[in-house]
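Close look at the chain arrangement
One-letter residues, chain by chain:
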Amino acid sequence: MAEIKDPENTIIMETTKGKVVIALFPDLAPGHVARIKELSREGAYDGVVFHRVIADFMAQTGDVKFGKKGGESFNPGRAGMGGSDKPDLKAEFSATPHVRGTCSMARSQSPNSANSQFFICFTDAPWLNKQYSVWGQVIEGMDVIDAVKKGEPVADPDSIVSMKVAADA
């Protein structure tokens, strides 16, 4: 297992394919890190599907409204169109590059529209740099992310089983 140096700023995400450990960047994107931790602590991500997974690009998840299996609003056809009941976040763009394992917030055309959805890059994606809020980096389990079923939308998608702040695990 990866060495967890800062349990309060580390996420342990169990997926249907295995475990992923993510180091958070609170100095880079404090609002986004706070939101990821808040939703993780509420169990909001538990059961959420990877609704958009593009080979050689990224795996997207985090629609806690329409993408949560067993949730009252679960709708595979709408997964990717929802968020949480919390307000959208102000952009926290940085010079940190989108490389393999980068965790970044998904958003609409509006820079200040990130809410709960996020993606993990399979490979370097420099065209995303300074346009999406980077909040973490996979430090263990990229092989797990690589194994997530691909599709747009994904047929019978993989999902997050549980997502916790390491300090709480």
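Residues numbered from 1 in each chain as written. Predicted model: local features only at pLDDT ≥ 70, side-chain atom pairs only at ≥ 80, totals over all residues. Heavy atoms only, no water.

This part covers the overall build of the protein chain. Along the protein chain, the regular secondary structure elements total 2 helices and 8 strands. If you list the helices and strands of the protein chain from N to C, you get β-β-α-β-β-β-β-β-α-β. Computed over the C-alpha atoms, the radius of gyration of the protein chain is 14 Å, within 12% of the 15 Å expected from 2.2 N^0.38 for a compact globule of 169 residues. If one aligns the C-alpha atoms of the protein chain with their principal axes, the spans along those axes are about 35 × 35 × 30 Å. Across the 169 residues that make up the protein chain, the buried fraction comes to 51%. Counting contacts in the protein chain only where the partners sit at least 6 residues apart, residues at least 24 apart contribute 68% of the total. For the protein chain, the computed accessible surface area is about 7,600 Å², with 51% contributed by carbon and sulfur atoms. (Helix = DSSP H or I, 4+ residues; strand = E, 2+ residues; numbered from the N terminus. Rg over C-alpha atoms; globule rule 2.2 N^0.38 Å. Buried < 20%, exposed > 50% of the residue type's maximum accessible area, 1.4 Å probe, protein only. Contact = heavy atoms within 4.5 Å. Areas by Shrake-Rupley, 256 points an atom, 1.4 Å probe, with all protein chains shown as cover.)

All told, the structure shown has 4 aromatic pairs when counted by the stated rule. Considering the side-chain rings of Y45 and F118, the 5.5 Å spacing of their centres and the 85° angle between planes classify their relative orientation as edge-to-face. Placement of the pair is Y45 in the loop between α1 (30-41) and β3 (52-54) and F118 in strand β6 (residues 118-121), with a sequence separation of 73 residues. On the accessibility criterion, F118 (0% relative accessible area) is buried. Ring plane angle 80° and centroid distance 5.8 Å describe the contact between F119 and Y132, whose orientation is recorded as edge-to-face. Of this pair, F119 sits in strand β6 while Y132 sits in the loop between β6 and β7 (134-140); the two residues are 13 residues apart in sequence, bridging distant segments of the chain. Here the aromatic cluster, defined as three or more aromatic residues joined through ring pairs, consists of Y45, F118 and W135. Taking NZ or CZ as reference, R107 lies 4.4 Å from the ring centre of Y132, over its face. (Phe/Tyr/Trp six-rings, centres within 6.5 Å; stacked < 30°, edge-to-face > 60°. Lys NZ or Arg CZ within 6 Å of the ring centre and 35° of its normal.)

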